[in-house]
Amino acid sequence: MGSNPTPSAGSSIAMNASTTPDPAAAAAADEQWMRAALGEAQAAASHGDVPIGAVVVRDGPQGPVLVAARHNERELTGDPTAHAEVLALRDAAAVVGHWRLDDCTLYVTLEPCVMCAGALVNARIGRVVYAATDPKAGAVASLYEVCSDVRLNHRPPVTGGVLADECGALLRQFFVARR
Ligand SMILES: [Zn+2]
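Just so you know, the residues in each chain are numbered from 1, in the order the chain's sequence is written. Only residues with pLDDT of at least 70 are given local features in this predicted model, and only at 80 or more are side-chain atom pairs given and counted; all residues enter the totals for whole chains, interfaces and linings.

## Section: the overall build of the protein
Within the protein one finds six helices and five strands. Listing every helix and strand of the protein by position from the N terminus yields α-α-β-β-α-α-β-α-β-β-α. Burial is judged by counting other C-beta atoms within 10 Å of a residue's own C-beta: 20 or more means buried, 12 or fewer means exposed, and anything between counts as partly exposed, with every C-beta placed from the backbone. Looking at the protein as a whole, 36% of its 179 residues qualify as buried. Residue pairs in contact within the protein that sit at least 24 positions apart in sequence constitute 57% of those at least 6 positions apart. Segments assigned H or I by DSSP are reported as helices when at least four residues long, segments assigned E as strands when at least two residues long, and all are numbered from the N terminus. Our contact criterion uses C-beta atoms placed from the backbone: two residues qualify when those atoms are within 7 Å.

## Some details on the environment of isoleucine 52
Secondary-structure assignment places isoleucine 52 in the loop between helix 2 (23–45) and strand 1 (53–58). On the basis of neighbour counts, which here come to 31 C-beta atoms within 10 Å, the residue isoleucine 52 falls in the buried class. If we ignore the near neighbours within four places in the chain, the residues touching isoleucine 52 are Ala41, Ala44, His71, Asn72, Ala84, Val108, Thr109 and Leu110.

## A word on the environment of arginine 124
With respect to the helices, strands and loops of the structure, arginine 124 is situated in the loop between helix 5 (114–122) and strand 4 (127–132). For arginine 124 and aspartate 102, which are 22 residues apart along the polypeptide, the C-alpha to C-alpha distance reads 5.2 Å. Beyond its immediate stretch of four places on either side in the chain, arginine 124 contacts Arg100, Leu101, Asp102 and His154.

## Describing unusual backbone geometry
If a residue is not glycine, its phi is most likely negative; likewise, a peptide bond is most likely trans. Unlike most non-glycine residues, arginine 124 shows phi in positive territory, near 55°. The partly exposed category is assigned to arginine 124, around which 15 C-beta atoms lie within 10 Å. One non-glycine residue with positive phi stands out, namely leucine 163, at about 55°. Along the chain, the position of leucine 163 falls in the loop between strand 5 (158–159) and helix 6 (164–178). We classify leucine 163 as buried; it has 23 C-beta atoms within 10 Å.

## Brief notes about the pairing of strand 2 (residues 65–71)
Two strands are counted as paired when DSSP detects at least two bridges linking them. Relative to strand 2, strand 1 runs antiparallel, the two sharing six bridges. By the bridge assignment, valine 56 is partnered in strand 2 with alanine 68. Turn length for the strand 1-strand 2 hairpin, with the two strands adjacent in sequence and antiparallel, is six residues, and the turn residue glycine 63 shows positive phi of about 115°.

## Focus on the packing of helix 4 (residues 84–96) against helix 5
In this description, a line fitted to the C-alpha atoms serves as the axis of each element, helices being fitted only across the stretch in contact, and the angle between N-to-C directions of two axes falls anywhere from 0 to 180 degrees. The contact between helix 4 and helix 5 brings their axes to 9 Å, and the two run at 20°. The angle between the axes of helix 4 and helix 5 places the two elements in the roughly parallel class. Crossing angle aside, the handedness with which helix 4 passes helix 5 is left-handed. Mapping the contact onto sequence places Glu85, Val86 and Leu89 in helix 4 and Cys116, Ala119 and Leu120 in helix 5. For this scheme, ten residues count as nonpolar: Ala, Val, Leu, Ile, Met, Phe, Trp, Tyr, Cys and Pro. Four count as charged, namely Asp, Glu, Lys and Arg, and the remainder, Gly too, count as polar. For the contact of helix 4 with helix 5, the residue count by class is five nonpolar, no polar and one charged. Put simply, angles under 35 degrees are roughly parallel, angles over 145 are roughly antiparallel, angles from 65 to 115 are roughly perpendicular, and the rest are oblique. By convention, the crossing between two helices is left-handed when the near helix turns anticlockwise from the far helix through less than a right angle, and right-handed when the turn is clockwise.

## Focus on helix 2
One full turn of an α-helix is made of 3.6 residues, so residues set three or four places apart face in the same direction. To estimate how far a helix should reach, multiply one less than its number of residues by 1.5 Å. Here helix 2 is 23 residues long and its end C-alpha atoms lie 33 Å apart, about the 33 Å a rise of 1.5 Å per residue gives. Regarding helix 2, the residues found buried are Asp30, Trp33, Met34, Ala37, Leu38, Glu40, Ala41, Ala44 and Ala45.

## Description of the packing of helix 2 against helix 6
The geometry of helix 2 relative to helix 6 is characterised by a closest axis approach of 11 Å and an angle of 5° between their N-to-C directions. Classified by the angle their axes make, helix 2 and helix 6 are roughly parallel. The segment helix 2 lies against helix 6, with Leu38, Ala41, Gln42 and Ala45 engaging Glu166, Cys167, Leu170 and Phe174. Among the residues forming the contact of helix 2 with helix 6, the class breakdown is six nonpolar, one polar and one charged.

## A few points about the nonpolar core
Ranked by size, the top nonpolar core spans 48 residues in total, and within it Val55, Ala88, Leu106 and Tyr107 carry the most contacts. Counting only elements with at least two residues in this core, the list comes to helix 2, strand 1, strand 2, helix 4, strand 3 (104–110), helix 5, strand 4 and helix 6. Looking at this core, the element that brings in the most residues is helix 2, giving seven residues. Residues within four places of leucine 106 in sequence aside, it is in contact with Ala54, Val56, Glu85, Ala88, Leu120, Ile125 and Val128. Residues enter a nonpolar core if they are buried, belong to Ala, Val, Leu, Ile, Met, Phe, Trp, Tyr or Cys, and are joined to the set through C-beta atoms within 7 Å.

Written out as structure tokens, the structure reads:
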């Protein structure tokens, strides 16, 4: 061991390329998935629902795979729990085959509310990424910190502010148009 470092040096370079993406590449991937969530948000406005979208992405051997893409359907269905995140978690669990989603990341265009933050904890979600903050109802950073509360049994890493300007602008346009 160590007498011939050449083969291990070569293999460690290959391993670094596949297992530790650089921060810029990780940020670009987050933006790519958030853009998919933003597309879902735009679909919500077509039926009069507040434009919020969510996607769930699962880690796979070939890289991340989209397993759910939903948008807010509260007005469409008359269901108070039909937030984008809850609908996306249900679809993701159906695809994965069980309720535990610890190998999944949820991307959502607005900071989750208390209900959705609670659902994310109950799903043991692997990671949460949101776009715009919600000072009136946000429950992962603004009003409450449900996903990082040490009294609860699951604390997923949370990243905020990804495509925040675009996702926030879509919400503002919707409310301006509704006046
Ligand atoms: Zn919610």
